[in-house]
Each structure stands twice: as C-alpha cells, then as structure tokens.
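Single-letter residue listing:
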Amino acid sequence: MPAEALPAAPFAPVLTRYAEAETCADPSSVMTLLADSDATADGFTSYRSTFAKGAVGAPAHFHTKATELFFVLSGSLQVLVGEEVTVLETGDFLAVPPHAPHAFAAAPGCEADVLFVFTPGMGRFDYLRLLGRVMRGESDAKEIAESAERFDNHYVDSPVWRSALEASA
C-alpha cells in the first residue's frame, strides 16, 4: 500500500532517551518518566520504576478508566490483584483492568525494575512527582487523597495486602 494511502497516525512517534528522561526519586525507588498522555493523544502513559529491597511501592488502589500494565524487567515484584497476592518474576507481564483493586512492592528480600503502562493514558507525571515529594517529606500526604479524581487513583483498604506486607517485614 502506498504511504499516501495509509491512515494518519493518531500521534507522532514518541522517543524518550533514557539518559534524557526526567526522574523522580524517593528513599526506596526511582521512577523514570517515559511518555505522558499529552504526547500520545491520551493513548498511554508509561514510566519505569526501580525498587530497592524493602520498597513499599503502592498501597491498594484502583483506577476507574485505565488498565495498568506491568512488565518486570528484572528482579521480583509482589503484587495484589483483588484478594490474591502473587510474585511477578523477571519477564512476567500483568494487565490489571479498571476497577480491580491492586497494589505492589518489591518482593521480600528483592529489588525490582518494572515498566508500567496506563491505557488509556492520562496526565500522571504530576502524580508521580507528587508521590516523590510526599515520600521525601516535602509535601503533605493529604494532597494525594485530594488528587484521586484528577489522577484516577482511588485508594482502598486491603487487609490481605496489609498482612502480606507485615509478613515480609
């Protein structure tokens, strides 16, 4: 098919050089911001997180609009999906649909390097920056609760996840 007959792409290709990517850090992880929805016509948002041993990650939460994709580049990531806790190993992939409660942390005694993708995308980089500020004590945690609708991040109580974290401490 001739190039002029192809449909127009919904957005320009996105290239983020690792050496030039913005990072957000807290005491136990580094997030490398790769592509936010503004560059992808809301198609996706992606970042990479490296978790130190014992890194807590994210408490139980769900999204109402986005599917969250996890791909473990190296190490081991402990995850909650619904009421089940499992460990993802290097090369494992997980897709968590909207409304499914989930949480994640470095697996006990392990580091983890994980690629995250949200689709459809929405501006989440400001949320990741906020998380870093809160973890470093530069912002109040109530800002996270106040941003739930804006970032489609809704926290829930999970006794199963609390038990898993306590067992690994």
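Our structure is the block above this text.
Thresholds applied
- Throughout this description, residue numbers start from 1 for each chain and increase along the sequence as written.
- Confidence filtering applies because this is a predicted model: local features only for residues at pLDDT of at least 70, side-chain atom pairs given and counted only at 80 or more, and all residues used for totals across whole chains, interfaces and linings.
- Water and hydrogen atoms play no part in the side-chain values, which are based on all heavy atoms of the structure.
- Numbering of helices and strands starts at the N terminus; helices are DSSP runs of H or I of at least 4 residues and strands are runs of E of at least 2.
- Per-residue accessibility, obtained with a 1.4 Å probe over protein chains only, is compared with the maximum for each type, and a residue is labelled buried under 20%, exposed over 50%, and partly exposed between these values.
- Working rule for contacts: check all heavy atoms of both residues, and any pair within 4.5 Å makes them a contact.
- Residue exposure ignores everything except the shown protein chains as possible cover, and the areas themselves are Shrake-Rupley values with a 1.4 Å probe.
- In this description, a nonpolar core means a group of buried Ala, Val, Leu, Ile, Met, Phe, Trp, Tyr and Cys residues linked to one another through side-chain atoms lying within 4.5 Å.

## Re the overall build of the protein chain
Turning to step 1, where the next piece is worked out: Counting secondary structure elements, the protein chain contains four helices and 10 strands.
Turning to step 2, where the next piece is worked out: In sequence order, the protein chain lays out its α and β elements as β-β-β-β-β-β-β-β-β-α-α-α-β-α.
Turning to step 3, where the next piece is worked out: In terms of overall dimensions, the protein chain has a C-alpha envelope of 60 × 35 × 35 Å along the principal axes.
Turning to step 4, where the next piece is worked out: Per-residue burial over the protein chain gives 41% buried out of 169 residues.
Turning to step 5, where the next piece is worked out: Restricting to contacts in the protein chain with at least 6 residues of sequence separation, those with at least 24 account for 71%.
Turning to step 6, where the next piece is worked out: Only carbon and sulfur atoms are counted for the fraction: they give 58% of the accessible area of the protein chain, which is about 8,900 Å².

## A word on the nonpolar core
Turning to step 1, where the next piece is worked out: Counting 29 residues, the largest nonpolar core has Phe51, Phe70, Leu77, Phe104 and Val114 as the members making the most contacts within it.
Turning to step 2, where the next piece is worked out: If one sorts the elements of this core by residue count, helix 1 (residues 125-135) sits on top with five residues.

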